[in-house]
Amino acid sequence: MATIEQLSQRTPKVSVDELLTGFYPSPRFGDVSFDSYRPDPNQPSQAAAVKALSDFADTVNQPEPTGLRKLFGAKKAPTRAGIYLDGGFGVGKTHLLASLWHATSGKKAFGTFVEYTNLVGALSFRRAVDALSGYALVCIDEFELDDPGDTVLMSRLMRELADAGVKLAATSNTLPGSLGDGRFAAVDFQREIQVLADQFDVLRIDGEDYRHRGLPEAPEPFSESGLHDRVRELKGGPDGILAEDVFSDLVKHLSGVHPSRYRQLIDGVDYIAWHNVGTISEQAVALRFVVLADRIYDKDIPVIASGVAFDQLFTEEMMTGGYMKKYHRAVSRLTALARQGSEA
């Protein structure tokens, strides 16, 4: 029998050591590889990306020689410290980034852009640089710049890691030179943005959102009575944890939990049920919820909900504004999880 809990009653505590040791691919991508990626034959850029990343893994596993070997060895063409996967939602960029992580040896880190900025906030910039400088590879998923502070911070971090010999790999829906566009006065930070762009060779991956490829439209939300019936059905099923919350209570609770703890907030949860989902109208609230949606998707937790459909979770202004890519990603991911919840 499943146990009913409420996320809005959880207040996880996370130590600095737990932050450092938590930088690895989520269970959703725990066993992926280049071989398990299925390139769309109609999109040759996908197969090309697999080849380029496989070659990049070799450069991580076989670092450039130093000392006499460097002086007398064969000359190699200079390469940038990083590789950057640019493409739309659901083309498998995270799958490929996690495959790169699995294909490399040595000390390595894998986390989202937000998790790295949270790490710097928890450790201080210098301690974060010192900690990550000993890594062979640092993977940054969902690279995005939301404000000038993040622009300067990540520009410095990437530059110092590259100078320390760390290989970098990142995914994003925005080309490095366009990061920050539509969010703040990016023109005032072109120097920092260019420093970021200079660290990476860019790979463009074309294709449609695989989460919706050949699949039906997102299921309609449950009615309140239907959701109660579904919760009772799940409660009487196999052992596990069902997190059941009134949506407004959960959203309010998130304001008191730092986003760096959202992974622990949903620890051990097998199903999620939200009552009376409503459209989020405040930007700060919406951005916090995007982080939670990403962590839920990482752990592949099916979601069942009543209220508005997930394509109405954010206002039309948000879906067309400066953070639109974040919101579209969240809708895409929650739609996939809602489909799992309706079919389970």
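Structure report, in brief. Predicted model only: the values in this text are computed from it and were never measured.

Once that is clear, we can look at the pairing of strand S3 (residues 108-112). Judged by how many residues are buried, S3 sits mostly within the fold: five of five residues are covered. Of the pairings in the sheet, the one linking S3 to strand S4 (residues 137-141) comprises five bridges and is parallel in character. Paired with Thr112 across the strands is Asp141, a residue of S4.

Quick look at the sheet that holds strand S9 (residues 303-307) now. Overall, parallel pairing links the four strands, which are arranged S1-S7-S8-S9 in an open sheet. For this open sheet the edge positions go to strand S1 (2-5) and S9, each flanked by a neighbour on one side alone. Each strand of the sheet is rotated relative to its neighbour by a mean of 15°, with strand direction disregarded. As defined by bridge partners, strand S7 (residues 240-246) adjoins strand S8 (residues 271-277) across five bridges and the pair is classed as parallel.

Strand order in the open sheet formed by five strands is S3-S4-S5-S2-S6, with parallel pairing between adjacent strands. Both edges of this open sheet fall to S3 and strand S6 (200-205), since each of them pairs with a single strand only. For this sheet, the mean inter-axis angle between neighbouring strands, taken without regard to orientation, is 15°.

In a regular helix each residue adds 1.5 Å, so 12 residues correspond to 16 Å; helix H9 (residues 224-235) covers 16 Å between its end C-alpha atoms and thus fits that length. If you check which residues of H9 are buried, you get Gly226, Leu227, Arg230, Val231 and Leu234. With its buried residues spanning 140° around the axis, H9 presents them on a single face. More than 90 degrees from the buried face of H9, the exposed residues found are Ser225, Arg232 and Glu233. Elements that come into contact with the buried residues of H9 comprise S1, S7, S8, S9 and helix H14 (324-343).

Contact pair helix H2 (residues 44-61) / helix H4 (residues 93-103): the axes reach a minimum separation of 9 Å and the direction vectors enclose 30°. The orientation of H2 with respect to H4, classified from their angle, is roughly parallel. Once H2 is placed against H4, the crossing between them reads as right-handed. Packed against H2, whose contacting residues are Ala49, Val50, Leu53, Phe56, Ala57 and Asn61, the element H4 presents Leu96, Leu100 and Ala103 at the interface. Per-class residue counts for the contact of H2 with H4 are eight nonpolar, one polar and no charged.

Bringing the nonpolar core into the picture now. Counting 40 residues, the largest nonpolar core has Ile272, Trp274, Phe289, Leu292, Ile296, Leu313 and Phe314 as its most contacted members. At nine residues, the largest contribution of residues to this core is made by helix H12 (residues 283-298). With residues up to four places along the chain from it excluded, the contact list for Phe289 reads Phe247, Val251, Leu254, Trp274, Ile280, Leu313 and Leu334.

Within this structure, the stated rule accounts for seven aromatic pairs. With a centroid separation of 6.1 Å and an interplanar angle of 90°, the aromatic rings of Trp274 and Phe310 are classed as edge-to-face. One end of the pair, Trp274, is in strand S8; the other, Phe310, is in the loop between S9 and helix H13 (316-319), with 36 residues separating them in the sequence. Judged by relative accessible area, Trp274 falls into the buried class, the value being 0%. Aromatic ring contacts, followed pair by pair, group Phe247, Trp274, Phe289 and Phe310 into a single cluster.

Turning to the pattern of salt bridges, a few remarks are in order. The final tally for this structure, using the stated rule, is 17 salt bridges. For Asp55, the salt bridge goes to Lys51, with nearest N and O atoms at 2.7 Å. Within this pair, Asp55 and its partner Lys51 are both found in helix H2, separated by four residues, close to a single helical turn. Salt bridges linked by common partners bring Glu115, Arg263, Arg295 and Asp298 together as one network.

Cut-off values and rules
Residues numbered from 1 in each chain as written. Predicted model: local features only at pLDDT ≥ 70, side-chain atom pairs only at ≥ 80, totals over all residues. Heavy atoms only, no water. Buried < 20%, exposed > 50% of the residue type's maximum accessible area, 1.4 Å probe, protein only. Helix = DSSP H or I, 4+ residues; strand = E, 2+ residues; numbered from the N terminus. Pairing = 2+ DSSP bridges. Axes fitted to C-alpha atoms, helices over the stretch in contact; angles between N-to-C directions. Expected span 1.5 Å × (residues − 1). Arc of directions from axis to C-beta. Contact = heavy atoms within 4.5 Å. Parallel < 35°, antiparallel > 145°, perpendicular 65-115°, else oblique. Left-handed = near helix turned anticlockwise from the far one by under 90°. Nonpolar A, V, L, I, M, F, W, Y, C, P; charged D, E, K, R; others polar. Core = buried A, V, L, I, M, F, W, Y, C linked by side-chain atoms within 4.5 Å. Phe/Tyr/Trp six-rings, centres within 6.5 Å; stacked < 30°, edge-to-face > 60°. Salt bridge = Lys/Arg side-chain N within 4 Å of Asp/Glu carboxyl O.

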